[in-house]
Amino acid sequence: MKEHSNLSSNFTLVDKPNLFMHIADTLHIYALPVLIALGIPGNLLSFIVFTCSTVMNKLPSSTYMAALALSDSGFLSILLCIWLQKMNIHEYVTQLWCQFIVFGAYIFGFLSVWFTVLFTIERYKVVCYPLKATQICTKRRARLSTLIICVFPVFLYMPSFWTTIDYHGHCSYREELFVLLTVITYMDTALTFILPFLALLFMNLRIIWAIRAVKKRMNWLQESQPHEKTQSLLSKTQMKLTKSLVIVSSVFLMMVLPSHITRFYSLIFTNFLSYDIISLQTAQHFLQIPYYLTFGINLILYTGTSYMFRRGFLEIYRNIKEKIQCIIPT
């Protein structure tokens, strides 16, 4: 049985390699280990800052960010297993292993997208409905939302266990269940690309528009009443945090959009038009690199855009340094 393009994930193989595909394969071979080696520790460090620092832990959005760090680490772990198979290290591959790899790719890909949507929703409520935000955006609701979004995909992607098989050390799919796999793939595309993209685009534009309106109003009040203290429903801290998270979600959109578009376009041509486009598959293989980057660069984005995160990071650093000094006195 020849190798097939696996429609159930973003790991695509083609039967007719070309020069560009060779370049893309080379990038996958050498760039992915670096991303995994840096991304997982960075995500775990972000998780510690969001959950342990007094600066960040009190914010409802930190619950989503901490969960996002764990789901990103989970996806990078799955990516490591895929990379090992690509390097022909597949002695450990079994039927159950393949099922969990495909299932895990679905789960962590879904969670990373929707945790990004959840913290954007929280910022959207804070900026656009500040009077109601204190009642709606609470830590308790954030934990409940996180729990629900974690349970939902477990049942949603359970059929992937039926469609996945181990074929001589390589994870493939059951040909007799190809129709079911196609349905799962289109459902996954809708839930991890179309709906989140539209939601993030709408909310980010509304947030940007609302922040600009608040700034214009504050400037107008300062000019018209220079001796009066002007106050806004949004504090400077909330404004800065909102800008940081909008940047994070916007970068996420820009980096995943090309890969998802080529994947969606490829699905239409392959399934509806029965036409295989090698150049399109090559482009998709290239565009997977920025898509994978979204799972490992959030620490850089948080550090570069959020003053509160940097404060939390320094707080954790000082606490660790003090504990080390207590254990090993100088």
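As shown above, the structure is provided for reference.
The structure contained in this document is the topic of the report that follows. (Residues numbered from 1 in each chain as written. Predicted model: local features only at pLDDT ≥ 70, side-chain atom pairs only at ≥ 80, totals over all residues. Heavy atoms only, no water.)

### Some points on helix H12 (residues 307-327)
Residue pairs spaced three or four apart in an α-helix point in one direction, given the helix's 3.6 residues per turn.
Move 1: Along its 21 residues, H12 runs 30 Å from first to last C-alpha, staying within 8% of the 30 Å computed at 1.5 Å per residue.
Move 2: Along H12, the residues that are buried comprise Met308, Phe309, Gly312, Glu315 and Ile316. Looking straight down H12, one finds its buried side chains confined to an arc of 120°; they lie on one side. (Helix = DSSP H or I, 4+ residues; strand = E, 2+ residues; numbered from the N terminus. Expected span 1.5 Å × (residues − 1). Buried < 20%, exposed > 50% of the residue type's maximum accessible area, 1.4 Å probe, protein only. Arc of directions from axis to C-beta.)

### Focus: the packing of helix H1 (residues 19-52) against H12
Move 1: Look at H1 against H12: their axes get within 9 Å of each other, and the N-to-C directions meet at 95°. Classified by the angle between their axes, H1 and H12 sit roughly perpendicular to one another. Within the contact between the two elements, H1 uses Leu45, Ser46, Ile48, Val49, Phe50 and Cys52 and H12 uses Phe309, Gly312, Phe313, Glu315 and Ile316.
Move 2: When grouped by side-chain class, the residues that make up the contact of H1 with H12 number eight nonpolar, two polar and one charged. (Axes fitted to C-alpha atoms, helices over the stretch in contact; angles between N-to-C directions. Parallel < 35°, antiparallel > 145°, perpendicular 65-115°, else oblique. Contact = heavy atoms within 4.5 Å. Nonpolar A, V, L, I, M, F, W, Y, C, P; charged D, E, K, R; others polar.)

### Here we look at the nonpolar core
Move 1: By size, the foremost hydrophobic cluster in this structure holds 68 residues, and its most contacted members are Phe110 and Tyr157.
Move 2: Among the elements that line this core, the one with the most residues is helix H4 (residues 95-128), at 15 residues.
Move 3: Discounting chain neighbours no more than four positions away, the residues touching tyrosine 157 are Phe103, Tyr106, Ile107, Phe110, Ile184, Met187, Asp188 and Thr192. (Core = buried A, V, L, I, M, F, W, Y, C linked by side-chain atoms within 4.5 Å.)

### Digging into the packing of helix H3 (residues 60-86) against H4
Move 1: Two numbers describe how H3 lies on H4: the axes approach to 8 Å, and their chain directions differ by 150°. For the element pair H3 / H4, the angle class is roughly antiparallel. When you trace H3 past H4, the crossing you get is left-handed.
Move 2: A breakdown of the residues in the contact of H3 with H4 according to their chemical character gives 18 nonpolar, eight polar and two charged. (Left-handed = near helix turned anticlockwise from the far one by under 90°.)

### Digging into the packing of aromatic side chains
Move 1: Taken as a whole and judged by the stated rule, the model has 17 aromatic pairs.
Move 2: Ring geometry for phenylalanine 110 against phenylalanine 152: centres 5.9 Å apart, planes inclined by 45°, an arrangement best described as tilted. Of the two residues, phenylalanine 110 is situated in helix H4 and phenylalanine 152 in helix H6 (residues 139-156); the sequence distance between them amounts to 42 residues.
Move 3: Given a relative accessible area of 2%, phenylalanine 110 falls into the buried group.
Move 4: Both rings, one in tyrosine 124 and one in phenylalanine 202, keep their centres 6.1 Å apart while their planes meet at 50°; by these two values the pair is tilted. Of this pair, tyrosine 124 sits in helix H4 while phenylalanine 202 is found in helix H8 (residues 178-224), placing the two residues 78 residues apart along the sequence.
Move 5: The buried category is assigned to tyrosine 124, whose relative accessible area is 12%. (Phe/Tyr/Trp six-rings, centres within 6.5 Å; stacked < 30°, edge-to-face > 60°.)

### Section: the environment of phenylalanine 50
Move 1: Relative to the helices and strands, phenylalanine 50 is located in helix H1.
Move 2: Taking the C-alpha atoms as reference, phenylalanine 50 lies 9.0 Å from phenylalanine 313; in sequence the two are 263 residues apart.
Move 3: Excluding its chain neighbours within four sequence positions, the residues that come into contact with phenylalanine 50 are Met56, Asn57, Ser62, Met65, Ala66, Tyr302 and Phe309.

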